[in-house]
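Notes for the structure review
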Amino acid sequence: MKRTAVVFLALALAASAASAQGVSFKDALGRQISLPAKATRVISLSPAITEILFASGAGPAVVAVTSYCNYPQAANDLPEIGAYSADTISVEGIVALKPDLVLGEPAMHGKLIAQFEAAGIRFAALKLTSFDDVFASINTCGLA
């Protein structure tokens, strides 16, 4: 229980610090991701990431999700940009939504990185295979 409280305290502190200045972090692929300010338009390509975003208080910044992102209930009201696999994701649909940041999983969505970069879209990979990965992803969502 103590670790959960520390996670949410770290998220709150990171969010307040990041909102006043640019944001920079390393994603699960070791790439440096830099934003001029805290992201206000985020697209999630993973149900787990969508849940993390909403649980960490970033739900209002989420502008689109996949057809598999059905929790919390508010995610059902958002536009869908495809299903979960990279082959079903509409990069054109994502570009049209003008996101500050797209969040996905390295194994599932990594092959879209070149397309996102060519379109000027920032993509951050979040690994979700272990507790430590999830913990790090929660922290990253709080920063971004």
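Basis of the calculations
Residues numbered from 1 in each chain as written. Predicted model: local features only at pLDDT ≥ 70, side-chain atom pairs only at ≥ 80, totals over all residues. Heavy atoms only, no water. Helix = DSSP H or I, 4+ residues; strand = E, 2+ residues; numbered from the N terminus. Buried < 20%, exposed > 50% of the residue type's maximum accessible area, 1.4 Å probe, protein only. Contact = heavy atoms within 4.5 Å. Phe/Tyr/Trp six-rings, centres within 6.5 Å; stacked < 30°, edge-to-face > 60°. Pairing = 2+ DSSP bridges. Salt bridge = Lys/Arg side-chain N within 4 Å of Asp/Glu carboxyl O. Axes fitted to C-alpha atoms, helices over the stretch in contact; angles between N-to-C directions.

Turning our eyes to something else, we now look at the overall build of the chain. Along the backbone of the chain there are six helices and six strands. For the chain, the α and β elements follow one another from N to C terminus as α-β-β-β-α-β-α-β-α-α-β-α. For the chain, with 144 residues in total, the buried portion stands at 42%. For the chain, the proportion of contacts with a sequence separation of at least 24, taken over those separated by at least 6, is 47%.

A few words on the packing of aromatic side chains. Throughout the structure, instances matching the rule amount to two aromatic pairs. Relative to Phe123, the ring of Phe116 lies with its centre 5.5 Å away and its plane at 20°, an arrangement referred to as stacked. Overall, Phe123 belongs to the buried group, its relative accessible area being 3%.

This part takes up the pairing of strand S5 (residues 101-104). A regular strand carries its side chains on alternate faces of the sheet. The two faces of S5 match: Leu101 and Leu103 on one face and Val102 and Gly104 on the other face are all buried. When strand S3 (residues 42-44) meets S5, the two strands line up parallel, connected through three bridges. Counterpart to Ser44 in the pairing with S5 is Leu103. Sheet analysis places S5 next to strand S6 (residues 123-125), joined by three bridges and oriented parallel. Within S6, the residue paired with Leu103 across the bridge is Ala124.

On to the pattern of salt bridges. Under the counting rule described, the total for this entry stands at three salt bridges. Ionic pairing is found between Arg31 and Asp27, a salt bridge with its closest N-O pair at 2.9 Å. We classify Asp27 as buried; its relative accessible area is 7%. When the shortest N-O distance is used, the salt bridge between Glu117 and Arg31 registers 3.4 Å. With Glu117 in helix H5 (residues 113-118) and Arg31 in the loop between strand S1 (23-26) and strand S2 (32-35), this pair connects stretches of sequence that are 86 residues apart. In this structure Glu117 comes out as exposed when scored by relative accessible area, which is 52%. Via salt bridges that share partners, Asp27, Arg31 and Glu117 belong to a single interconnected network.

Overall, parallel pairing links the four strands, which are arranged S4-S3-S5-S6 in an open sheet. The open sheet terminates on both sides in strands that have one partner only, identified here as strand S4 (62-64) and S6. Direction aside, neighbouring strands of the sheet carry axes that sit 35° apart on average. In this sheet, S4 lies alongside S3 in parallel orientation, the contact comprising two bridges.

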